[in-house]
Amino acid sequence: MAESSRITARDGVRADARRNRERVLVAARAVFAEHGIDAPMATVARRAGVGVATLYRHFPTRDALVRGAFARQMETCARALTEALAAPDPWQGFQRLVETICALQRKERGFPAAFVTAFPDSTSEHAQSRRRAERDFTTLVRRAQASGALRADFHPSDLAVVLLAHCALVTALPDDAAASRRLVAYLLQSFRADPANEPLPPPAALTLRNLPMATDGSRGKRPPGA
């Protein structure tokens, strides 16, 4: 019976090895959410309940672990870009793409940093994928501008500014989905060549007195004398 749990699957991977890999990925996402993507690999191994050697057998480098942990999210982003390019209305495609990426940033707490750093180009395959994504996004931007919906001075690099701003928001307010949705709506309206003045989502439950301004991990604490 003991030997049956080690039977290899069709792809040649043993069942126990597959389980260990999945435990590592789950642990990595949790650790990255709590400590950032620079968290020690040993911390991930402890959270997964495996040895460090086991972790490195599956993921020889940190980059490989980060890519593995967020592979599904990156696939979602790639699919969203493909669908945006295929959309009959380029503005609608552009809008859905931005909303999809920001929603992923909001839902997966470790993903914002991983996405903003754009997964280091540790392999030629990944570098090629990134260049293709940048080229496709530039094509989408030009189509949306040609349609008259996207302002003419929008530059593809502005997407990085959007993601950095949204990343900071969801890092400071990880449980405030309303603030995230409202910021994204504001930004999208500002990108319109002729703002449609569509109603914004409901406001966040946030005031100037409870802004999470601290950068030392003491989120939400008021400054002395406040």
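Residues numbered from 1 in each chain as written. Predicted model: local features only at pLDDT ≥ 70, side-chain atom pairs only at ≥ 80, totals over all residues. Heavy atoms only, no water.

A. Quick look at the environment of Gly-49. Looking at the element boundaries, Gly-49 is found in the loop between helix H2 (41-48) and helix H3 (52-58). Considered as a pair, Gly-49 and Val-24 are 25 residues apart in the sequence and their alpha carbons are 8.3 Å apart. (Helix = DSSP H or I, 4+ residues; strand = E, 2+ residues; numbered from the N terminus.)

B. Representation of the nonpolar core in the model. Ranked by internal contacts, the top residues of the largest apolar core, which has 46 residues, are Phe-94 and Phe-137. Broken down by element, this core gets its largest block of residues, seven residues, from helix H6 (residues 90-107). Once residues lying within four places of it in the same chain are set aside, the contact partners of Phe-137 are Leu-81, Phe-94, Leu-97, Phe-154, Pro-156 and Leu-159. (Core = buried A, V, L, I, M, F, W, Y, C linked by side-chain atoms within 4.5 Å. Buried < 20%, exposed > 50% of the residue type's maximum accessible area, 1.4 Å probe, protein only. Contact = heavy atoms within 4.5 Å.)

C. The environment of Pro-156, seen in detail. Its place among the elements puts Pro-156 in the loop between helix H8 (124-146) and helix H9 (158-172). Relative accessible area serves as the criterion here: at 25%, Pro-156 is assigned to the partly exposed category. Separated by 17 residues in the primary sequence, Pro-156 and Thr-139 have C-alpha atoms spaced 9.4 Å apart. Beyond its immediate stretch of four places on either side in the chain, Pro-156 contacts Phe-137, Thr-138 and Val-141.

D. Structural detail: the confidence of the model for the protein. Looking at the protein as a whole, its pLDDT mean stands at 82, while 80% of the residues score no less than 70. Mean pLDDT values over the elements of the protein span from 68, in helix H7 (residues 111-116), up to 94, in H2. Within the model, the stretch residues 1-7 combines pLDDT values under 50 with eight contacts to residues more than four positions away or in other chains. Of the regions scoring below 50 in pLDDT, residues 214-226 engages in eight contacts with residues more than four places distant in sequence or in other chains. (pLDDT = per-residue confidence, 0-100.)

E. Spatial organisation of the packing of aromatic side chains. Scanning the model with the defined rule gives six aromatic pairs in all. The interplanar angle of 90° and the centroid separation of 5.4 Å between the aromatic rings of Phe-94 and Phe-154 together place this pair among those described as edge-to-face. With Phe-94 in helix H6 and Phe-154 in the loop between H8 and H9, this residue pair connects regions lying 60 residues apart in the sequence. Pair check on accessibility: Phe-94 and Phe-154 agree, each one buried. (Phe/Tyr/Trp six-rings, centres within 6.5 Å; stacked < 30°, edge-to-face > 60°.)

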